[in-house]
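Structure at a glance
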Amino acid sequence: MSKISDRLNRLSYSQTFVMSNKARDMKAAGIDVISLTLGEPDFDVPQKIKQAAFDAINENYSHYSPVPGFLELRQAISAKLKRDNDLDYKPTQICVSNGAKQSIINVLLAIINDGDEVILPAPYWVSYDEMVKVVGGTSVFIETSIETEFKITAEQLEKAITPKTKALLYSSPCNPSGSYYTKEELEAIANVMAKYPDITIISDEIYEFINYGGKHISIASFPQVYEQTAVINGMSKAFAMTGWRIGYSACPAWLASACDKVQGQMTSGANTVAQRASIAALQMDPSELQYMITEFHKRRDLVFELMKDIKGFKCNLPKSAFYFFPDISYYLGKTLNGTEIKNADDFAMFLLENAHVGCVGGVSFGSPECIRFSYAASETELREAMRRIKNCLDQF
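These figures come from a predicted structure and were not determined experimentally.

As a further point, take the overall build of the protein chain. When helices and strands are tallied, the protein chain shows 13 helices and 14 strands. Computed over C-alpha atoms, the radius of gyration of the protein chain comes to 21 Å, within 12% of the 21 Å expected from 2.2 N^0.38 for 396 residues, which places it in the range of a compact globule. Considering the protein chain as a whole, with its 396 residues, one finds that 56% of them fall into the buried category. Here the analysis covers contacts within the protein chain between residues at least 6 apart in sequence; of these, 74% occur between residues at least 24 apart.

Geometrically, the link from A122 to P123 is a cis peptide bond, its omega value of 10 degrees lying close to zero. Inspection of the secondary structure puts P123 in the loop between β3 (117-121) and α6 (126-134). In this chain, S172 is followed by P173 through a cis amide linkage whose omega measures -5 degrees. Inspection of the secondary structure assignment puts P173 in the loop between β5 (165-171) and α8 (183-193). Notably, N60 is not glycine yet its phi reads approximately 65 degrees, a positive angle. Along the chain, N60 turns up in the loop between α3 (47-58) and α4 (71-85). The class of N60 is exposed, set by a relative accessible area of 55%. At F150, a position not held by glycine, the phi torsion is positive, near 60 degrees. Overall, F150 belongs to the buried group, its relative accessible area being 4%.

The biggest cluster of nonpolar side chains holds 115 residues, and the ones touching the most others in it are L108, F313, F347, I371, F373 and I389. The element contributing the most residues to this core is helix α10 (residues 272-282), with 7 residues. Viewed by domain, this core spans two of them, domain 1 (6-44 + 289-394) and domain 2 (47-286), each represented by three or more residues. In this structure, V140, A154, M193 and I201 belong to the second largest nonpolar core, which totals 22 residues.

For the protein chain, the assigned domains read domain 1 (6-44 + 289-394) and domain 2 (47-286). Distance between the C-alpha centres of domain 1 and domain 2: 26 Å. Opposite the 37 residues of domain 1 that make contact, domain 2 presents 36 residues. It is L289, K319 and F365 that lose the most area in domain 1 upon contact with domain 2, and together they represent 21% of the buried surface on that side. Put simply, domain 1 and domain 2 have 2 salt bridges between them. The residue E149 makes a salt bridge to K319 at a minimum N-O spacing of 2.6 Å.

Turning our attention to the sheet that holds strand β9 (residues 323-324). In space, the 3 strands of this open sheet follow the order β9-β14-β13, with antiparallel pairing throughout. With one partner strand each, in any of the chains shown, β9 and β13 (360-361) form the two edges of the open sheet. Of the pairings in the sheet, the one linking β9 to strand β14 (residues 371-374) comprises 2 bridges and is antiparallel in character. Residue pairing across strands places F324 opposite F373, the latter belonging to β14.

This part takes up the UniProt feature "domain: Aminotransferase class I/classII large" (unreviewed entry) in the protein chain. Per the UniProt record, "domain: Aminotransferase class I/classII large" (unreviewed entry) is annotated on residues 32-389. As annotated, residues 32-389 has a helix share of 36% and a strand share of 15%, and its two end C-alpha atoms lie 14 Å apart.

Bringing the environment of Y291 into the picture now. When you line up the elements, Y291 lands in helix α11 (residues 290-307). For the pair formed by Y291 and V262, sequence separation is 29 residues and the distance between their alpha carbons is 38 Å. Excluding residues within four positions of it along the chain, Y291 makes contact with F43, D44 and P46.

Right, let's get into the sheet that holds strand β4 (residues 138-142). Overall, mixed pairing links the 7 strands, which are arranged β2-β8-β7-β6-β5-β3-β4 in an open sheet. In the strand order of this sheet, the two ends are held by β2 (94-97) and β4, each with one partner. Each strand axis lies, on average, 20 degrees off the axis of its neighbour in the sheet, ignoring direction. Pairing of β3 with β5 involves 3 bridges; the strand directions are parallel.

Thresholds applied
- Each chain carries its own residue numbering, running from 1 in the written order of its sequence.
- Side-chain atom pairs in this predicted model are given and counted only at pLDDT of 80 or more, local residue features only at pLDDT of at least 70, and totals for whole chains, interfaces and linings cover all residues.
- Note that water and hydrogens are dropped before the side-chain values are worked out from all heavy atoms of the structure.
- Only DSSP runs of H or I with at least four residues qualify as helices, and only runs of E with at least two residues qualify as strands; both kinds are numbered from the N terminus onward.
- Only C-alpha atoms enter the radius of gyration, while the globule expectation follows 2.2 Å times N to the 0.38, with N the number of residues.
- Only protein chains enter the calculation, and the probe is 1.4 Å; a residue is then buried if its accessible area is under 20% of its type maximum, exposed if over 50%, and partly exposed in between.
- Every residue pair with non-hydrogen atoms within 4.5 Å of one another is taken to be in contact.
- Throughout this description, the term nonpolar core refers to a set of buried Ala, Val, Leu, Ile, Met, Phe, Trp, Tyr and Cys residues connected via side-chain atoms within 4.5 Å.
- How far each domain reaches was decided by an automatic or database domain assignment.
- Throughout, buried area stands for the accessible area (probe radius 1.4 Å) lost by two parts on being put together, summed over both.
- By salt bridge we mean one thing: a side-chain nitrogen of Lys or Arg within 4 Å of a carboxyl oxygen of Asp or Glu.
- Only when DSSP finds a minimum of two bridges between them are two strands counted as paired.
- UniProt positions are given in the numbering used here, feature names are shortened, and annotations may be inferred rather than shown by experiment.
- Angular values range over 0 to 180 degrees, each being the angle between N-to-C directions of two axes fitted as lines to C-alpha atoms, with helices fitted over their stretch in contact.

If you want it as structure tokens, here you go:
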């Protein structure tokens, strides 16, 4: 009998961390590796947020908070959702968690029974499918391609719905593709979902502010699906607060209460100092973050031009987040320097070992023909990384 549960044995390790750890080990061994693996802003947290954390420590915010978070923070989240998204959520409809990842799994634990189906447009963030496995659900994938900017249509969605469908889980802006759904595309999806009011929409909007193509739209803003939508967001990306671990969900009252119940038996309230700092962050004018968005935009344009010269890369221009997700089908089935390239994970490992550039293969994102690069790195590193990859692949 295995000491490890069947549930855990069904899970995979996060390929993002597998590749970042491999890159870290190579660096420790003295190899000059440029790692473009993790989805983490390379900026420091704005000073006024850090000052709020110092103040919280000095004011002795060192005791348990309410399970769903301090009321003042939930009020700040409510105000932010109204200001930026024209969404009306009461503080009682918000649950603050230990990162947006916990916010998502709270919702899944609250609604999924064994065998329930969760629709995942592919590509999807690596943890989505694994979370569905944890809660006993079954993932149903909708395939996309670079030609459609990795976005599903309303028609595809309707075909994927079955009597077992319990949720639709997606991100917009999307990790890993960098695409986002327009207002018209979301409205078409909302119109389909409104026919199935027992299906919950889980809308991961963590990259909301890192958007170069237009105003972010939340699917919860369409009244026909407001009562069946869980909006997921957090502090990690826009505020460069990845290590502070603050995420949140905004849900219909019945689902918010269920998330509170789940979290109360799992972790209780999130870090109190980080919560107080998050109040200051959410009260900032979004224009105060523009310097980060402008820099990401410049890097995106730079990498796009450099990738055009890399043999075998098929690239679209991502309009949000800070990722490229090129199609590398050209190399599948080839043997490069003794390495058989069966899928994108093999190709990512080849680049790490031969070009000394870390990226993440697309298998765990649901797209085994693509690889993900984060361009949350300096211009110098990005130029050098693309140069190494080009020189490496020009040999074949």
